[in-house]
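Report on the structure
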Amino acid sequence: MDDAVNRAFFSHPDTVLAYARAAANVGLWRSERGLCERFVPRDAEILELGAGAGRVSLGLAKLGYARLTVTDFAPPMVEIAEAVFAETPGVPAEVRARFAVEDATALSFPVESFDAAIFAFNGLQMIPKRARRERAIREIARVLRPGGVFVFTGHDRTHAARRAHWTAERERWENGARDPALDDFGDYNHATPQGAMFIHAAEPEEIRSALEAAGFRVLFSELRSRMGDEPPEVREFSDDTRFWVAEKL
């Protein structure tokens, strides 16, 4: 599996439009806002990865976070994010947002460029192959300053709602009946009208080990459903996911 599957999905005009609508209508989740206000200072230099149409950065800008670098690996998403920022009222004049196409596994930024990195809506786990996901975590550590924080979400394979699926999938892997296109247990391709979308569901220890190996200390880890209520538009936009906050040592 390589990036081509997700690059095609996230470049599809219907996907781009859906993410633009989410930036305008769904906005920053309560859980995202709470964690950012708790762990990310208002004057932080923030890198958003896998930004889509800029939903998270736009919400942060409205809260007064003024130093934002908004990136995605799909050029159409970066283009629409810049347009959404330009056309949305309520963004303070002092907000300085820059936009760039970036691959999280090979970031172009210098060492220690940012105070915080955000990879929302399971973006980290949409990178195929465990070694490449771990490389992305190391890259994020590289561009963060000491004490900087990494805030992200990912599907949790131990979630009770998914237990039956992963029990059956384990049997397929053990019996030699797994999808040969998948590299790691926890991978799956989700069929959509816009094409296949790849995502990996990890167990918490997999994530924690990768963070610690890259020089992070875990500050927070919890399922969104246990962090408080979200409005219906958020629950319709995304199923349950695990939040992580890690500090670069």
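Summarised in this report is the structure supplied together with it. (Residues numbered from 1 in each chain as written. Predicted model: local features only at pLDDT ≥ 70, side-chain atom pairs only at ≥ 80, totals over all residues. Heavy atoms only, no water.)

1. Details of the environment of Asp2
In this fold, Asp2 is placed in the segment before helix H1 (4-11). Judged by its relative accessible area of 48%, Asp2 is partly exposed. Counting along the chain gives 125 residues from Asp2 to Ile127, while the straight-line C-alpha distance between them is 8.1 Å. Contacts of Asp2, omitting those with residues within four sequence positions, involve Pro128 and Lys129. (Helix = DSSP H or I, 4+ residues; strand = E, 2+ residues; numbered from the N terminus. Buried < 20%, exposed > 50% of the residue type's maximum accessible area, 1.4 Å probe, protein only. Contact = heavy atoms within 4.5 Å.)

2. Some points on helix H2 (residues 13-25)
The α-helix advances 3.6 residues per turn, and as a result positions three or four apart in sequence lie on the same side. Spanning 13 residues, H2 covers 18 Å between terminal C-alpha atoms, matching the ideal 18 Å at 1.5 Å per step. Listing the buried residues of H2 in full gives Thr15, Val16, Tyr19, Ala20, Ala22 and Ala23. Viewed end-on, H2 has its buried residues packed into an arc of 160°, placing them on one side of the element. Turned more than 90 degrees away from the buried face of H2, the exposed residues are Pro13, Arg21, Ala24 and Asn25. (Expected span 1.5 Å × (residues − 1). Arc of directions from axis to C-beta.)

3. Quick look at the sheet that holds strand E5 (residues 144-154)
The strand order across the open sheet built from seven strands is E3-E2-E1-E4-E5-E9-E8, with neighbouring strands paired in mixed fashion. The sheet is open, and its two edges are formed by strand E3 (96-101) and strand E8 (216-223), each paired on a single side. Taking the axes of each pair of neighbouring strands and ignoring which way they run, one obtains an average angle of 15° across the sheet. In the sheet, E8 pairs with strand E9 (residues 242-248) via seven bridges, with the strands oriented antiparallel. Among the inter-strand pairings, Glu222 is bridged to a residue of E9, identified as Phe243. Set on the sheet, helix H3 (residues 30-39) makes contact with strand E4 (114-119), E5, E8 and E9; between it and E9 the angle comes to about 15°. Sitting on the sheet, helix H8 (residues 204-213) is in contact with E5, E8 and E9, with an inclination near 15° to E9. (Pairing = 2+ DSSP bridges. Axes fitted to C-alpha atoms, helices over the stretch in contact; angles between N-to-C directions.)

4. What to know about the packing of helix H6 (residues 130-143) against H8
Two packed helices can be described by the angle between their axes and the distance between those axes. Viewed as axis vectors pointing N to C, H6 and H8 meet at an angle of 50°, and their least axial separation amounts to 9 Å. Considered as vectors, H6 and H8 are oriented oblique to each other. Crossing angle aside, the handedness with which H6 passes H8 is right-handed. Taking contact as the criterion, the partners of Arg130, Arg133, Glu134 and Ile137 in H6 are, on H8, Glu206, Ala210 and Leu211. Each residue belonging to the contact of H6 with H8 can be placed in one class, and the counts come to three nonpolar, no polar and four charged. (Parallel < 35°, antiparallel > 145°, perpendicular 65-115°, else oblique. Left-handed = near helix turned anticlockwise from the far one by under 90°. Nonpolar A, V, L, I, M, F, W, Y, C, P; charged D, E, K, R; others polar.)

5. Regarding the pattern of salt bridges
Evaluated as defined, the whole model comprises 18 salt bridges. One salt bridge in this structure joins Arg217 and Glu247, with 2.4 Å as the shortest N-O distance. Here the residue Arg217 occupies a position in strand E8, and Glu247 occupies one in strand E9, the gap between them amounting to 30 residues. Take Arg217: its relative accessible area is 43%, and that puts it in the partly exposed class. A single salt-bridge network, built from bridges that share partners, covers Asp3, Arg7 and Arg132. (Salt bridge = Lys/Arg side-chain N within 4 Å of Asp/Glu carboxyl O.)

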